[in-house]
Amino acid sequence: MNDTAGLRLTVRAAEKRDAGRGIARLPESARKRLALLSGDTVEVRGERTAVAKVWPGGPDAPDGSVLIDADTRANAGVKVGDTVTISPVDVSDADRVTVAAPGRLAEVDVSREVVERALSRELRDRPVTEGEAVHVERLGGLRFVVARTAPAGTVRITASTDVSVEYEGDVGAASDRADAQTDAGSDRAGGAATGADSRSAPASDDARPKAGDSPPAEHTAGATYEDIGGLDEELELVRETIELPLSEPEVFTRLGIDPPKGVLLHGPPGTGKTLIARAVANEVDATFITVDGPEIMSKYKGESEERLREVFERASDDAPAIIFFDEIDSIAGKRDDGGDVENRVVGQLLSLMDGLDARGDVIVIGATNRVDTIDPALRRGGRFDREIEIGVPGEAGRRQILDVHTRRMPLADDVDLDRIAGRTHGFVGADIEGLAQEAAMTALRRARESDSRALTDVTVGKADFEAAHANVEPSAMRE
Ligand code: ADP
C-alpha cells in the first residue's frame with residue numbers, strides 16, 4: 001500500500017477524556033508510516049470523511065488500531081470495529097466559516113454577535129470540514145453543523161477567520177438541516193446529545209440528509225461507551241456476552257455453540273442499566289426496542305401477549321436487535337404469586353425466548369431492581385444466561401460519572417470534582433447528572449441576572465455546585 005494514500009486501521013472507542021475533542025490516537029507504528037507528528041491533522045475516511053488531530057496512542061492503541069471519539073466516529077459514519085482509512089491532510093487557514101445553528105438556540109435568547117464570538121473562540125485551531133458536526137461547550141454543549149468554509153476542504157479556524165452563524169430562516173440557511181439531524185440523535189434520557197447517532201451528512205444542497213439518514217425512533221440509541229461513568233467491569237461483561245453474537249452471529253453457527261439469548265441487569269434505579277443497553281446497541285449498530293414492563297401489563301391489558309409477540313417479530317425483522325425490558329419484574333414475576341394474566345404473560349415470554357433462533361442476532365436485556373421476584377424459569381440456562389449487578393457507585397465511580405456529565409461544561413477553576421465525588425455518598429448516576437445540570441442552570445441564571453452579554457462566558461463554579469447540592473437529593477433518599 002502506498003503510505004501517503006493512507007493506512008487502514010480498525011476503529012476503537014476513545015478514552016473518556018477525549019470525548020468531543022476531535023482527536024485520533026494512533027499507535028507509533030502508524031504515526032511513523034504516515035510521517036505524522038502529534039498535532040498534525042488527518043482525514044478519517046469511513047462511510048464519510050471526518051478530520052481529526054493526531055495524538056499518541058498509548059497502551060490502548062495496539063498496532064492496526066485507531067482510537068477515535070464518538071463525535072468523530074459519527075462524522076466519519078463509522079462504528080467501533082469498522083475499518084477506516086487514515087491519511088495526512090493539508091489544512092489551510094480558513095478565511096470564512098459559516099456554521100448552522102440548531103433551532104434550540106432560540107431558547108437561550110442570545111445575540112448573533114455573542115454566539116459568533118463563542119464559536120470563534122471554541123473552534124480556534126480546530127480543523128473542520130463542511131458538513132461536520134461540532135458541539136460548542138460555551139453554548140451549553142449545543143450541536144452546530146459547519147455549513148460552508150472558504151476555502152473549501154479541510155481548514156483551520158484561526159484568530160483572523162471570519163466565523164458567522166446561520167439561523168433557520170436566513171437566506172440559504174442550512175440550519176433546518178442541522179436541526180433535523182440533531183433531533184434524530186437526541187433520543188437520550190437526559191444529558192447533552194452526543195450526536196453519535198445523528199448522521200451528519202454534508203450540509204450542502206446536493207448532499208442534504210436523505211430520509212434514510214434519520215434512524216427510526218426505536219433505532220435511536222445515541223449513547224456511546226464514553227457516556228458511561230465507572231461500571232468498567234460490568235460493561236465488559238455485557239459486551240463480552242452480547243457484542244459478538246450481534247456483530248458476528250456466524251461465529252456461533254460455525255462453532256456449533258448456542259449464542260446467549262438474554263442478560264439480566266439488576267440494581268437500583270438510575271444506576272445506568274438502560275444507558276448500558278442503549279450504548280451497546282448503538283456501538284454495534286443494532287436496532288434497540290424498549291418494552292416498558294408496567295405499561296405492557298396495564299395499557300395493553302388483555303393484549304399483553306400479543307404485544308410481546310409483535311415485539312419479538314419486529315426484532316427479528318430488524319435484526320441485529322436488542323429488546324430491552326425495563327422493569328421486567330412487572331411482567332415476569334414468579335408465576336405462582338400472580339394471577340392468570342401474569343402467568344400467561346410469563347409463559348409467553350419464556351416461549352418467545354426459547355423460540356429465538358440459534359442465529360443469536362436478537363438479544364433480550366432485562367432490567368430490574370428486584371431480581372429475586374423474577375420467575376426462576378427465566379433465570380435458568382438458555383434464557384437469561386447472565387445476571388450482572390449494576391450497583392450504586394462508590395467514590396471512584398461517582399468521580400467518573402461526574403466527568404461524563406461535566407465534560408462539555410465550562411467549569412471554573414475552583415471546582416474540585418474529587419471533592420464533589422467524596423461528598424455525594426448514595427448518589428447514583430441519574431442523581432449526579434441531575435446535580436451537574438442543576439449547577440449549570442444555577443450558573444446561567446446568575447450570569448443573566450448580572451449581565452446578559454456575559455452569558456456565553458459563564459463558567460460553572462464551586463458555589464453553583466454547592467447550591468445545586470442543597471437542592472438535589474439522591475434518589476435513594478426520596479423513596
Ligand atoms: P436505570 O436504567 O438503571 O434506571 P438509566 O440508565 O436510565 O438508569 O439512568 C438514567 C440517566 O442517568 C442516564 O441516562 C444517564 O444520563 C445517567 N446515568 C446513570 N448511570 C450513569 C453512569 N454510570 N454514567 C453516566 N451517567 C449515568
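Scoring rules and cut-offs
- Residues numbered from 1 in each chain as written.
- Predicted model: local features only at pLDDT ≥ 70, side-chain atom pairs only at ≥ 80, totals over all residues.
- Near = placed C-beta within 6 Å.
- Nonpolar A, V, L, I, M, F, W, Y, C, P; charged D, E, K, R; others polar.
- Helix = DSSP H or I, 4+ residues; strand = E, 2+ residues; numbered from the N terminus.
- Expected span 1.5 Å × (residues − 1).
- Buried ≥ 20, exposed ≤ 12 C-beta atoms within 10 Å, placed from the backbone.
- Contact = placed C-beta atoms within 7 Å.
- pLDDT = per-residue confidence, 0-100.
- Pairing = 2+ DSSP bridges.

Asker: Hey, could you run me through the site of the ligand in this one?
Answerer: For the ligand, the set of nearby residues contains 20 residues, the closest of which are Gly229, Gly272, Lys273, Thr274 and Gly429. Of the residues contributing to the shell around the ligand, the split by class is nine nonpolar, nine polar and two charged.

Asker: Help me out: how do you make sense of helix α12 (residues 395-406) in this one?
Answerer: In an α-helix, one turn spans 3.6 residues; hence positions three or four apart end up facing the same way. The first and last C-alpha atoms of α12 sit 16 Å apart over twelve residues, in line with the 16 Å expected at 1.5 Å per residue. Among all positions of α12, only Gly397, Arg398, Arg399, Ile401, Leu402, Val404, His405 and Thr406 are buried. Each element contacted by the buried residues of α12 is listed here: α13 (417-422) and α14 (429-450).

Asker: Is there a simple way to explain the confidence of the model for the chain in this structure?
Answerer: Should pLDDT be low for a region, the predicted coordinates there are not to be read in detail. On average, the chain scores 80 in pLDDT, and the residues at 70 or more come to 82%. Across the chain, element-level confidence peaks in α13 with a mean pLDDT of 97 and bottoms out in helix α4 (residues 175-184) with 36. For the stretch residues 175-221, pLDDT sits under 50, and the model shows 117 contacts to residues farther than four places along the chain or on other chains. In the predicted complex, the global pTM is 0.63; the interface-specific ipTM is 0.99.

Asker: Just to check I follow, could you spell out the sheet that holds strand β12 (residues 155-156) for this structure?
Answerer: Working definition: the strands of a sheet are paired by backbone hydrogen bonds and lie parallel or antiparallel to each other. Spatial ordering of the open sheet is given by β7-β12-β9, a layout of three strands whose pairing is mixed. Two strands close off the open sheet at either side, each with one partner strand: β7 (92-93) and β9 (127-128). With two bridges joining them, β9 and β12 adopt antiparallel strand pairing. Note that in β12 the partner of Pro127 across the bridge is Arg156.

Asker: Can you help me understand unusual backbone geometry in this one?
Answerer: What you tend to see is this: most non-glycine residues have negative phi, and most peptide bonds are trans. Note the cis peptide between Ala150 and Pro151, where omega equals 0°. Along the chain, the position of Pro151 falls in the loop between β11 (142-150) and β12. Geometrically, the link from Ala319 to Pro320 is a cis peptide bond, its omega value of -5° lying close to zero. Within the fold, Pro320 resides in the loop between α9 (304-317) and β16 (321-326). Positive phi outside glycine occurs at Ala35, with the angle close to 50°. Position of Ala35 relative to the elements: it lies in the loop between α1 (28-33) and β3 (41-45).

Asker: What is the right way to read the environment of Ala277 from this model?
Answerer: Among the structural elements, Ala277 can be located in helix α7 (residues 273-283). For the pair formed by Ala277 and Phe324, sequence separation is 47 residues and the distance between their alpha carbons is 7.2 Å. Discounting residues that sit within four places of it in the chain, Ala277 has contacts with Ile322, Phe324 and Ile365.

Asker: What is the right way to read the pairing of strand β8 (residues 96-100) from this model?
Answerer: The side chains of a regular strand alternate, first on one face of the sheet and then on the other. Of all the five residues making up β8, four are buried; the element is thus mostly covered by neighbouring parts of the structure. Note: β8 against strand β13 (residues 162-166), five bridges, orientation parallel. Bridge pairing in β13 places Val99 opposite Val165.

Asker: When you look at helix α5 (residues 232-247) in this model, what are you seeing that I'm missing?
Answerer: Relative to the 22 Å expected for 16 residues at 1.5 Å per residue, α5 spans 21 Å between its end C-alpha atoms, a close match to the ideal helical length. Every buried residue of α5 is listed here: Glu234, Val238, Ile242, Pro245 and Leu246. Among the structural elements, α6 (250-255), β14 (262-266), α7, β17 (362-368) and β18 (384-389) are those in contact with the buried residues of α5.

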